[in-house]
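One letter stands for each residue in the lines below.
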Amino acid sequence: MATVAEAAEQLLYRPEEAAKALRIGRSMVYEEIRLGRLQTVRIGRRRLVPPEYIAQYVELLKHEAEATA
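Just so you know, these numbers come straight off a predicted model, no measurement behind them.

(A) Quick peek at the pattern of salt bridges. If you walk through the whole model with that rule in mind, you get six salt bridges. Its salt-bridge partner being Arg 34, residue Glu 31 comes within 2.7 Å of it at the nearest N-O pair. Taken as a pair, Glu 31 and Arg 34 lie in helix H3 (residues 26-34) at a separation of three residues, close to a single helical turn. The exposed category is assigned to Arg 34, whose relative accessible area is 59%. Across the pair Glu 32 and Arg 37 runs a salt bridge whose closest N-O atoms are separated by 2.6 Å. Using a relative accessible area of 27% as the deciding quantity, one classes Arg 37 as partly exposed. Overlapping salt bridges, with partners in common, bring together Glu 32, Arg 37 and Glu 64 in one network.

Structure (structure tokens):
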């Protein structure tokens, strides 16, 4: 298990790690990726999520919540 300092320095997250960071399920992460709502980068066949894309996704969720309120 990574320490807090190591997690803060992480540059790319596997979808499973992104799910854990977002507190959502793995399948939901893949669905949001499929819908284009959560962006990723590809390295070979691997799909990875940079932290800034996680932050952008959170902002998208905030804007959607404000729009429906």
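(B) Representation of a nonpolar patch on the surface in the model. A contiguous nonpolar patch, built from Leu 11, Leu 12 and Ile 43 and spanning about 300 Å² of accessible area, is present on the exposed surface. Note on placement: Leu 11 falls in the loop between helix H1 (4-8) and helix H2 (15-22).

(C) Spotlight on unusual backbone geometry. Of note, Arg 23 is a non-glycine position whose phi angle comes to about 60 degrees, a positive value. Arg 23 gets classed as exposed once you look at its relative accessible area, which sits at 72%.

(D) Main features of the environment of Pro 50. By the secondary structure assignment, Pro 50 is in the loop between strand E2 (46-48) and helix H4 (51-68). Look at Pro 50 and you get buried, because its relative accessible area is 6%. Not counting residues within four places of it along the chain, the set of residues in contact with Pro 50 comprises Leu 11, Leu 12 and Val 41.

About the cut-offs
- Residues numbered from 1 in each chain as written.
- Predicted model: local features only at pLDDT ≥ 70, side-chain atom pairs only at ≥ 80, totals over all residues.
- Heavy atoms only, no water.
- Salt bridge = Lys/Arg side-chain N within 4 Å of Asp/Glu carboxyl O.
- Helix = DSSP H or I, 4+ residues; strand = E, 2+ residues; numbered from the N terminus.
- Buried < 20%, exposed > 50% of the residue type's maximum accessible area, 1.4 Å probe, protein only.
- Patch = residues over 30% accessible without salt bridge, like charges linked within 9 Å, V, L, I, M, F, W, Y side chains within 5 Å.
- Areas by Shrake-Rupley, 256 points an atom, 1.4 Å probe, with all protein chains shown as cover.
- Contact = heavy atoms within 4.5 Å.

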